[in-house]
Structure formats: structure tokens, C-alpha cells
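A look at the structure
Read off the chains here:
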Amino acid sequence: MTTTTALDLDAFWMPFTANRQFKQTPRMLVKAEGMHYTSDDGRQVLDGTAGLWCVNAGHCRPKIVEAVRKQVGELDFAPTFQMGQPRAFELANRVSEILPPSHKHVFFVNSGSEGVDTALKIALAYQKAKGEGGRHRLIGRERGYHGVGFGGISVGGIGNNRKTFGPLLAGVDHLRHTHDLTRNAFTKGLPEHGLEFAEDLERIVALHDASTIAAVIVEPMAGSTGVLLPPKGYLQRLREICDKYGILLIFDEVISGFGRLGAPFAVDKFGVVPDMMVAAKGLTNGTIPMGAVFASDKVHEAFMTGPEGAMELLHGYTYSGHPVAAAAGIATLDVYREERLFERANDLAPNWEDTMHSMKGLPNVIDIRNLGLVAGIELASIPGKVGARAYDVFVRAFKKGLLIRTTADIIALSPPLIIEKAQIAEIASKLSEAIREAA
Ligand SMILES: Cc1ncc(COP(=O)(O)O)c(C=O)c1O
């Protein structure tokens, strides 16, 4: 086993981490298989978060590992600018089999953040291509998380992620968020109340005029901000208002995609089809970084005009459609299909819901919410110390052999879709102990 005790931890400036705190008492993972990590002190840690919402098929799946191994020895890299390699085309075709029929155009990127910025750029360029270049505004939502690029933090609505980075993109506005504990606490599945929050888009249109608005971007289920589910009918209403005013609708499905909600995508779960979808994470089971934008025929066709020798979209990344990532993606889709993991998530959802809601009544738990194989457990904050209580729970859970994720005082759970019922029970029992002790 890799020994980490002698490692110098200074050089790696860790992302979204309290570096000084972490490096005093590091938590190291050195191996993974199936539902578990192994920590550097040899303990098995049940993965309650699919890594970072990405390892939907479980860890180190032999088929995916083998596909990567084979690909890297066969064609390690080839450019996709004015050149092609089969894996990228193959993955685009394969993934489009599980996309809405109108969304068969796949633009590859390397992360969710790049996917978001790509979709925003496509939206602006689309409007210009349609002769509506005055539509330059992008509308996000409070508490939205769309990664860390300048586009993503501009439309994103998590104050702490924005406030130190200057004026951001011009012309961005935000819908109000939909979180409403007063009316919706401890709801199982979608909240009953809050459809009217979609009407906030009418307010924004009235303020700026539709002729200035290119696109609205939302997470159909907001994950990183702490599992905020869309009120019943909310996404449908956003779609209607966007249609009314010629505004593109973008769903950021970086978390909700690839089975997390018990369907291939949130689009399928909610029956609302946006103009573009952004995906990443589960696309390759987290094995190799990759993301994608799935564009509708309407969007794509707007670009396929002009001289044939002209590039239609002046955008792309060196690693767009990287062969090794694409090979991982193809094998991942095979595993999802062969093991019917999206259906499995759906089948497990009632047990997941009951088990998660069994934690109601624990000290400081002020809400539990769930959908598919996702749950959010909101804790009352210690006055003046937002996040401290959930962090305490996180550390205690890890010591008990359970990995959870926290944001402020919300615990987010999103296990690999291969989880067994006994392991769902184990999550609840370890987490309950940690919550009681932290109180
Ligand atoms: C909805 C959403 N969009 C975008 C991102 C950014 O993805 P990445 O970290 O791969 O850049 C995330 C990451 O958690 C996300 O949850």
C-alpha cells in the first residue's frame, strides 16, 4: 500500500479546501473498488458521494479500466481540430442514443466548468447567427453552481464563489432561488410549493427586455449548493416562458445526468427538454476528465450555414474528445447499460427515500430532501459559525468509514448507483451516529 505519512503536503495547493487545516490532519484515500475507498491507514470507507458526484458505476470497474489501458497504448492523443479519431465520434454516437431525439449534437470538453462556458458561448453565438446579436444577456439563478470558469461563476449564484473575483461577465442577472424550508421542509421527492418562483423570469424579462436576453441556465436539480429540488411544475414553466420570448434554455446536468435521478437525465425525469444540456462527471464515471454539451438540432443547424470551408464555431479545447477519455466514456456507457444502472437507481429510490427520512428527528436536522439516489440533510447552523457543524459531522463520518459531502451546513449524499440496500442502511446508521455526536 502507498504510504503517505512521509509525504510533503505543501506543494499541492488543494482546490476548494481549507489547505492549512487539511494539512494538519490529512485524510488520504489510496485505493478504490466498487463502493469503497481505502484510506492510507488501511480502513474501508463507504463512498456516500460517488467521489464528487461522478463515479456512478462504482470504482475501478474492470471494463472501464481495461478500455483506458488499451486506448492509451494504441492512440494516446490525436488532435480534433481539422483532424479526427474514431473514439470521439463513437462516443458521440453512443451517448446520443440516450439523449432526447432532438439533441444529437455533442461538443466535447474536459469538465463541467468548460461545458458551462461552452454552452454560454454557443448561446450567444446562436443568437447572433439568427440575427439577434442584441441578445447578449445570460440569466442564472441564485445558489446555482456552474463550475468555476468566469462564465460559470457569473451565472452561478453562490456568493462566496463570486465575491473575490471582480466584476465578472457583464449583462448577467439571476432568478431567485427556489429553496423554501418554511413550506417544504421534509418533503419526499419534489417540493409542492414554489412553482411561482418561475415567474421571476417574467420580472427579469420586464426589467431588461426579452430582446437583450440570450439564455437562461439552471441546474434541473441544484446539487453543489446543497441539493435543491425543483418545485413541481417549475421547470415546465421556465420552458414556457423561455419559449414565449425566444430565450434559449440550458440545463446544467453535470450532476443530474447519467442516472443520478433514476433516469438517464433530468430531462427524462422531469419531461422538460431544454435547448442545450451540459454534462460531465458520470460521462466517464470520473475515470478520465471529460464533459460535453448536447445541443438540439435547432441550435446546431443555426451554425451550419455559410461557406462549407468556414469553421462554424470558433471554440474548442486541445483535449476536446480526447481518445482515452472517449474510450472511458464508451466503456462507462456499456457498464450503465449492461447493469441497467439507471433503472437500478430508480428501483432503489423508495428504499433510499425511506432510509434517508428515517433520520428525521436527529439533533439539529431541520430538513431532509431526496430524489433518485440523492439526498440533502440540512442542519441548523451554529450561530456565527456557518458550516462548522456539518464539517464536524463530515470528519466524524470519515473516521467511522463513511464519505459524505457538505456545503455550508447541508450534507449531500449521492452514492454510486451500484449501492446495495444494506449499504444504504449503513450510510444512515454511521451518519446518524456522527450527527448525534457532533450535536
Ligand atoms: C451543476 C454543475 N455544473 C458544473 C460543475 C463544474 O464541473 P467541474 O468541476 O468538472 O468543472 C459542477 C461540479 O460540481 C456542477 O455540479
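Thresholds, definitions, all that
- Residues numbered from 1 in each chain as written.
- Predicted model: local features only at pLDDT ≥ 70, side-chain atom pairs only at ≥ 80, totals over all residues.
- Helix = DSSP H or I, 4+ residues; strand = E, 2+ residues; numbered from the N terminus.
- Rg over C-alpha atoms; globule rule 2.2 N^0.38 Å.
- Buried ≥ 20, exposed ≤ 12 C-beta atoms within 10 Å, placed from the backbone.
- Contact = placed C-beta atoms within 7 Å.
- Expected span 1.5 Å × (residues − 1).
- Bend = angle between axes of the 7 residues up to and from the residue.
- Pairing = 2+ DSSP bridges.
- Axes fitted to C-alpha atoms, helices over the stretch in contact; angles between N-to-C directions.
- Domains from an automatic or database assignment.
- Near = placed C-beta within 6 Å.
- Nonpolar A, V, L, I, M, F, W, Y, C, P; charged D, E, K, R; others polar.
- Parallel < 35°, antiparallel > 145°, perpendicular 65-115°, else oblique.
- Left-handed = near helix turned anticlockwise from the far one by under 90°.
- Right-handed = clockwise from strand over helix to strand, strands pointing away.
- Core = buried A, V, L, I, M, F, W, Y, C linked by C-beta atoms within 7 Å.

We now examine the overall build of the protein. Within the protein, the regular secondary structure consists of 16 helices and 15 strands. Its C-alpha atoms give the protein a radius of gyration of 22 Å, near enough to 22 Å, the size a compact globule of 439 residues would have. Considered along the principal axes of its C-alpha atoms, the protein spans approximately 65 × 55 × 45 Å. Burial statistics for the protein: of 439 residues in total, 48% are counted as buried. If you take every contact in the protein between residues at least 6 apart in sequence, the share linking residues at least 24 apart comes to 73%.

The next subject is helix 14 (residues 341-357). Given a rise of 1.5 Å per residue, 17 residues ought to cover 24 Å, and the 23 Å separating the end C-alpha atoms of helix 14 matches this to within 8%. Of all bends in helix 14, the biggest is about 40 degrees, found at Ala-349, and the proline Pro-350 comes one to four residues later. When helix 14 is considered as a whole, its buried residues turn out to be Leu-341, Phe-342, Ala-345, Leu-348, Trp-352 and Met-356. Its buried side turned inward, helix 14 meets helix 13 (323-338), strand 11 (365-371), strand 12 (374-379) and helix 16 (421-438).

It is worth spelling out the sheet that holds strand 12 at this point. The sheet built from four strands is open, its strands ordered 11-12-15-14 with antiparallel pairing. Two strands lie at the open edges of the sheet, namely strand 11 and strand 14 (405-407), each paired on one side alone. The average undirected angle you get between the axes of adjacent strands in this sheet is 20 degrees. As defined by bridge partners, strand 12 adjoins strand 15 (residues 410-413) across four bridges and the pair is classed as antiparallel. Bridge pairing in strand 15 places Ile-377 opposite Ile-411.

Bringing the domain arrangement of the protein into the picture now. Here the protein is partitioned into domain 1 (19-57 + 340-438) and domain 2 (65-338). Look at where the C-alpha atoms of domain 1 and domain 2 centre, and you get two points 26 Å apart. Listed per partner, the contact involves 32 residues of domain 1 and 29 residues of domain 2. When residues of the side of domain 1 that touches domain 2 are traced back to their parent elements, those giving at least two are helix 2 (50-53), helix 14, strand 11, strand 12 and strand 15. No other element matches helix 14, which puts seven residues into the side of domain 1 that touches domain 2.

Right, let's get into the pairing of strand 4 (residues 105-109). The buried fraction of strand 4 amounts to five of the five residues, a majority that puts the element mostly inside the structure. Neither face of strand 4 is exposed, since His-105, Phe-107 and Val-109 on one face and Val-106 and Phe-108 on the opposite face are all buried. Looking at chain direction, strand 4 and strand 10 (residues 291-295) are connected through five bridges and run antiparallel. Within the sheet, the bridge partner assigned to Phe-107 lies in strand 10 and is Val-293.

A separate point is the sheet that holds strand 9 (residues 276-279). Reading across from one edge, 4-10-9-8-7-5-6 is the order of the seven strands in this open sheet, with mixed pairing throughout. Each edge of the sheet is formed by a strand with only one pairing partner; in this case those strands are strand 4 and strand 6 (172-175). Along the sheet, successive strands turn relative to each other by an average axial angle of 20 degrees, direction set aside. Sheet analysis places strand 8 (residues 248-252) next to strand 9, joined by three bridges and oriented parallel. Among the inter-strand pairings, Phe-251 is bridged to a residue of strand 9, identified as Met-277. Where helix 5 (residues 112-129) meets the sheet, its contacts fall on strand 4, strand 5 (137-141), strand 7 (213-218), strand 8, strand 9 and strand 10, and the angle it forms with strand 10 comes to roughly 30 degrees. Relative to strand 6, helix 9 (residues 200-208) is tilted by about 155 degrees, and along the sheet it contacts strand 5, strand 6 and strand 7.

With 18 residues, helix 16 extends 26 Å from end C-alpha to end C-alpha; this agrees with the ideal 26 Å at 1.5 Å per step. Buried residues in helix 16 make contact with strand 3 (44-47), helix 14, strand 11, helix 15 (388-399), strand 13 (402-403) and strand 15.

Around the ligand sit 14 residues, and of these Ser-111, Gly-112, Ser-113, Gly-147 and Val-254 come closest. Of all the elements, helix 5 adds the most residues to the shell around the ligand, at three residues. Of the residues contributing to the shell around the ligand, the split by class is five nonpolar, seven polar and two charged.

Here we take up the packing of helix 3 (residues 62-74) against helix 13. At their nearest, the axes of helix 3 and helix 13 sit 8 Å apart, and the two run at 155 degrees to each other. With respect to each other, helix 3 and helix 13 are oriented roughly antiparallel. Here the hand of the crossing between helix 3 and helix 13 comes out right-handed. On helix 13, the residues touching Lys-63, Ile-64, Ala-67, Val-68, Gln-71 and Val-72 of helix 3 are Pro-323, Val-324, Ala-327, Ala-328, Ile-330, Ala-331, Thr-332, Asp-334 and Val-335.

Moving on to the pairing of strand 8. Counting buried residues in strand 8 gives five out of five residues, a clear majority hidden from the surface. One ladder, built from four bridges, connects strand 7 with strand 8; its direction is parallel. In the strand pairing of strand 8, Val-216 is matched with Leu-249. For the segment spanning strand 7, helix 10 (residues 234-245) and strand 8, crossover handedness is right-handed.

Ranked by size, the top nonpolar core spans 120 residues in total, and within it Ala-215, Val-216, Leu-248, Ile-250, Met-276 and Val-293 carry the most contacts. With nine residues, helix 13 is the largest single contributor of residues to this core. With residues near it in sequence (within four places) discarded, Leu-248 still touches Ala-123, Tyr-126, Ala-214, Ala-215, Cys-242, Asp-275 and Met-276.

This brings us to unusual backbone geometry. The phi dihedral of Gln-82 is positive, around 60 degrees, even though this residue is not glycine. Among the structural elements, Gln-82 can be located in the loop between helix 3 and helix 4 (86-96).

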